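Below, each chain spelled out in residue letters.
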Amino acid sequence: MTGEELRSALAELIGIAPEDIDDDANLIRLGLGSLQMMRLITRWRREGLAVTFGELAENPTFASWDERLTREVTAKADSSA
């Protein structure tokens, strides 16, 4: 998942334009609910990404989530190689 894919997915859930999500924007304050977060996490876990609700809720900014998911995607790719 690229940063732009993440930004687009979040924007769709929140109901705003992707360009309205700044890197340091608090996703919860933008309108992302806990149920929506759980749905995203469930989808990502099905894709093999080990992320938890707690770690994403702890720092709910786009930049933080993008960094965390990038680490997971890289780790998954490294373990597959």
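Residues numbered from 1 in each chain as written. Predicted model: local features only at pLDDT ≥ 70, side-chain atom pairs only at ≥ 80, totals over all residues. Heavy atoms only, no water.

A. Examining the overall build of the chain more closely. Of the regular secondary structure elements, the chain holds five helices and zero strands. In summary, the chain has a C-alpha radius of gyration of 12 Å against a globular reference of 12 Å for 81 residues, a match within 12%. Classification of the 81 residues of the chain by burial places 33% in the buried group. The contacts of the chain with a sequence gap of at least 6 include a subset with a gap of at least 24, amounting to 47%. Accessible surface for the chain amounts to roughly 4,900 Å². Of this, 50% is attributable to carbon and sulfur atoms. Side-chain charges in the chain split into 9 positive and 15 negative, and the spacing between the mean points of these groups amounts to 9 Å. (Helix = DSSP H or I, 4+ residues; strand = E, 2+ residues; numbered from the N terminus. Rg over C-alpha atoms; globule rule 2.2 N^0.38 Å. Buried < 20%, exposed > 50% of the residue type's maximum accessible area, 1.4 Å probe, protein only. Contact = heavy atoms within 4.5 Å. Areas by Shrake-Rupley, 256 points an atom, 1.4 Å probe, with all protein chains shown as cover. Lys, Arg positive; Asp, Glu negative; His and termini not counted. Charge placed at Lys NZ, Arg CZ, Asp CG, Glu CD.)

B. Structural view of helix α3 (residues 34-46). Taking 1.5 Å of rise per residue, the 13 residues of α3 would be expected to cover 18 Å, and the 18 Å separating its terminal C-alpha atoms lies within 8% of that figure. Burial in α3 covers these residues: Gln 36, Met 37, Leu 40, Ile 41 and Trp 44. Buried residues of α3, seen end-on, are gathered within an arc of 135° and therefore sit on one face of the element. What points out from α3, more than 90 degrees from its buried face, is the exposed set Leu 35, Arg 39 and Arg 46. In the segment just after α3, Gly 48 is the residue with positive phi, at about 90°. (Expected span 1.5 Å × (residues − 1). Arc of directions from axis to C-beta.)

C. Looking closely at the pattern of salt bridges. Overall, the coordinates contain five salt bridges when judged by the stated rule. For Arg 68, the salt bridge identified is with Glu 55, shortest N-O distance 2.9 Å. Placement of Arg 68 in helix α5 (residues 62-80) and of Glu 55 in helix α4 (residues 53-58) is noted, with a sequence separation of 13 residues between them. Note on Glu 55: relative accessible area 28%, which makes it partly exposed. Of the charged contacts in the structure, one is a salt bridge between Arg 71 and Glu 67, with a shortest N-O distance of 3.2 Å. Separated by four residues within a single helix, Arg 71 and Glu 67 lie in helix α5, roughly one turn from each other. Note on Arg 71: relative accessible area 45%, which makes it partly exposed. Of the residues examined, Glu 67 reaches a relative accessible area of 48% and is grouped as partly exposed. Overlapping salt bridges bring together Glu 4, Arg 7 and Asp 23 as one network. (Salt bridge = Lys/Arg side-chain N within 4 Å of Asp/Glu carboxyl O.)

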